[in-house]
Amino acid sequence: MSKTILLKGQLLDFTGDPFAQPHEEVTLIETRGAVAIRGGEILDRGPADRLAAAYPDAQVEDHGDGLILPGFVDSHVHYPQTAMIASWGKRLIDWLNTYTFPEESRFADPEYAAEIASRYLDLTTAHGTTSMVSFCTIHSASVEAFFSEAAKRGQRVIGGRTCMDRNAPDSLRDTAQTAYDESKALLEKWHGQARISYAITPRFTPTSTPDQLAALGALWGEHPEVLMQTHLSEQTDEIQWVRELHPEARDYLDTYEAHGLLGENGLYGHAIHLEQREIDRLKEVNAALIHCPTSNCFIGSGLFDMQGLKREGLRVGLATDTGGGSDFSMLRTMAAAYEVAQLRHVALHPAQLLWLATAGSAGAVGMADRIGTLAPGSEADIIVLDLASTEAIAQRSRRANDLWEALFPTIMMGDDRALRAVWIGGRKALG
Ligand code: GUN
Ligand code: ZN
């Protein structure tokens, strides 16, 4: 039987949504707290004294004033874009054609795919991201590489083969039939293996013909239990292009809905320039929107309406959108979410930012009972943050009057130096 481990430190976890209720009512804070884990599972969390008495034989790891949190959940990334992150000077469609498609073409080579999958998971672990939902490329080898590497590490990941059959280079185009066949084969092989889930992945309407959208909609109809991920209303030029390609559609979302690609298990990345009908339909089906604030600034896409959409009751996750996003760090992503909201005259509370990066993203991907939480019975994906990881941060957090004030400088100025320890599925991955 595996041993019990007791992680001691300051503890912060959520019991509800701080957008829906005052944060004081939905946060669990233990200044001297602990989490007990065994065999990849969280057994308990609470005051250190109580847990020490309950698990007297546990191996203790004391992190002092380090802040114990659930691992970050990044709900929209493109792991194949790791090596081209921070590419200069383009907007969405140009950026895809100039930087993204040439890089993604390289994933026909399984060795290159394996190298980048491993590099990507190393980098994200160093930043405290323990789960992510990734677009792969059109090559099944890119999905195999990502899932194989994640399985080796015991990591909970979601991913899918990115399907395109128009408006992309020859080397990155398939057909409606191959998109269906290869997605189905990967889904049947991987979904539910280890901690891996498949997501049906049409890139976006401009790169999938109606036949391909319909084929992937049909596959989703056969497997409604899996997630479907795509992009929606990211840039105004893109929306205009969709309008020209689909004059019959009421709006961008309608191009998905008409082909069976709208549903509760749908993840719609960006969703910045939505019309009211789209918001109403997304809400009716209880779909999830994924906010990618560093990407939306970097590619110049626009300001996501967090406050308005949360108030409407929509489910929202937070994501880096690596490599349209300009950083692997969910701390940096929270900072960008704060800044984007400020530009809309809304100050998001640190509790709301942290919730988005953990339980909020986990909820958006339908896994709130397993990840993004320290609740007993959930999976032992845990991080420990140093709230004084640089002198700039330390001198500010020393002035803090409460935990939120102590944490906010790390959200705004922190990076991988703030990560003291990372546990993935009960395995020590860093620290
Ligand atoms: N829209 C379609 N593909 C992509 C992509 O790879 N990144 C971003 N940010 N938007 C997209
Ligand atoms: Zn994306």
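Residues numbered from 1 in each chain as written. Chains lettered and ligands numbered in written order. Predicted model: local features only at pLDDT ≥ 70, side-chain atom pairs only at ≥ 80, totals over all residues. Heavy atoms only, no water.

Asks: Is there a simple way to explain the overall build of the chain in this structure?
Replies: The helix and strand tally for the chain stands at 16 helices and 16 strands. At 21 Å, the chain has a C-alpha radius of gyration in line with the 22 Å of a compact globule built from 431 residues. Charged side chains in the chain number 38 positive and 58 negative. The centres of these two groups are separated by 4 Å. (Helix = DSSP H or I, 4+ residues; strand = E, 2+ residues; numbered from the N terminus. Rg over C-alpha atoms; globule rule 2.2 N^0.38 Å. Lys, Arg positive; Asp, Glu negative; His and termini not counted. Charge placed at Lys NZ, Arg CZ, Asp CG, Glu CD.)

Asks: Help me understand the pattern of salt bridges, please; the structure alone is not making it clear to me.
Replies: Side chains that differ in charge, positive against negative, can pair when their charged atoms come close. For the coordinates displayed, the defined rule picks out 34 salt bridges. With a shortest N-O distance of 2.8 Å, E379 and R156 are connected by a salt bridge. One end of the pair, E379, is in the loop between α14 (350-364) and β14 (382-385); the other, R156, is in the loop between α5 (140-153) and β7 (157-160), with 223 residues separating them in the sequence. Here R420 ties to D386 by a salt bridge, and the two come within 3.7 Å at their closest N and O atoms. (Salt bridge = Lys/Arg side-chain N within 4 Å of Asp/Glu carboxyl O.)

Asks: What am I meant to see in the nonpolar core here?
Replies: Most often, soluble globular proteins keep nonpolar side chains buried together rather than apart. Among the nonpolar cores identified, the biggest contains 101 residues, and Y79, Y268, L282 and L385 are the most heavily contacted of them. Take this core: its biggest share by element is 7 residues, from α14. In contact with L385, other than residues within four places in its own chain, are G66, L67, L69, L331, L407, T410, A418 and L419. In this structure, L267, A288, M367 and I371 belong to the second largest nonpolar core, which totals 15 residues. (Core = buried A, V, L, I, M, F, W, Y, C linked by side-chain atoms within 4.5 Å. Buried < 20%, exposed > 50% of the residue type's maximum accessible area, 1.4 Å probe, protein only. Contact = heavy atoms within 4.5 Å.)

Asks: What exactly am I supposed to notice about the site of ligand 1 here?
Replies: Around ligand 1 lies a shell of 13 residues, among which H78, Q81, R203, E234 and D321 are the nearest. Between ligand 1 and Q81 there is a distance of 2.9 Å, counted from an oxygen atom to a side-chain nitrogen or oxygen. Contacts to ligand 1 include D321, whose side-chain N or O atom sits 2.7 Å from a nitrogen atom. Protein chains bury 100% of the 280 Å² of accessible surface belonging to ligand 1 in isolation. In terms of residue count, helix α3 (residues 92-105) provides more of the shell around ligand 1 than any other element does, 3 residues in total. (Near = heavy atom within 4 Å. Polar contact = N/O pair within 3.5 Å; in protein donor to acceptor, adjacent residues only side chain to side chain. Areas by Shrake-Rupley, 256 points an atom, 1.4 Å probe, with all protein chains shown as cover.)

Asks: Please explain empty space enclosed by the protein as it appears in this structure.
Replies: Summary: where empty space remains is shown by rolling a probe the size of a single water molecule over the atoms. On inspection of all chains with the given rule, the structure shows 1 cavity of 30 Å³ or more. Taken as a whole, the largest cavity encloses approximately 90 Å³ of empty space. Every residue lining the largest cavity is listed: H78, Q81, L92, W95, L96, R203, F204, H231, E234, H270, I299 and D321. Top element by residues in the lining of the largest cavity is α3. It accounts for 3 residues. Among the residues forming the lining of the largest cavity, the class breakdown is 5 nonpolar, 4 polar and 3 charged. (1 Å grid on protein atoms, 1.4 Å probe; cavity = no way out; pocket = protein on both sides within 12 Å on 5 of 7 lines; lining within 4 Å. Points joined across faces, edges and corners; volume = space filled by probe spheres on them. Nonpolar A, V, L, I, M, F, W, Y, C, P; charged D, E, K, R; others polar.)

Asks: Is there a simple way to think about the coordination of the zinc ion (ligand 2) in this case?
Replies: Any two of four tetrahedral donors ideally make an angle of 109.5 degrees at the metal, while pairs among six octahedral donors ideally make 90 or 180 degrees. In this structure, H76 (NE2), H78 (NE2), H231 (NE2) and D321 (OD) serve as the protein donors to the zinc ion (ligand 2), at separations of 2.0 to 2.7 Å. Here the zinc ion (ligand 2) is ringed by 4 donor atoms whose angles at the metal span 88 to 158°, and the overall shape comes out irregular. Along the chain, the residues donating to the zinc ion (ligand 2) are arranged with the sequence spacing H-x1-H-x152-H-x89-D. With H78 in strand β5 (residues 72-78) and D321 in the loop between β13 (315-318) and α13 (330-343), this pair connects stretches of sequence that are 243 residues apart. For D321, a relative accessible area of 3% translates into the label buried. (Donors = N, O, S within 2.8 Å, 3.2 Å for Na, K, Ca; no water. Tetrahedral: all angles 85-135°; square planar, octahedral: opposite > 155°, others 65-115°.)

Asks: I'm lost on the packing of helix α4 (residues 110-126) against α5 in this one. Help?
Replies: Describing two packed helices takes the angle between their axes plus the distance from one axis to the other. Packing of α4 against α5 brings their axes to within 8 Å, and their N-to-C directions diverge by 45°. Relative to α5, the element α4 lies oblique. In the packing of α4 onto α5, the handedness of the crossing is right-handed. Within the contact between the two elements, α4 uses P110, A113, A114, A117, S118, Y120, L121, D122 and T125 and α5 uses A141, S142, A145, F146, E149, A150 and R153. Considering only residue class, the contact of α4 with α5 consists of 10 nonpolar, 3 polar and 3 charged. (Axes fitted to C-alpha atoms, helices over the stretch in contact; angles between N-to-C directions. Parallel < 35°, antiparallel > 145°, perpendicular 65-115°, else oblique. Left-handed = near helix turned anticlockwise from the far one by under 90°.)

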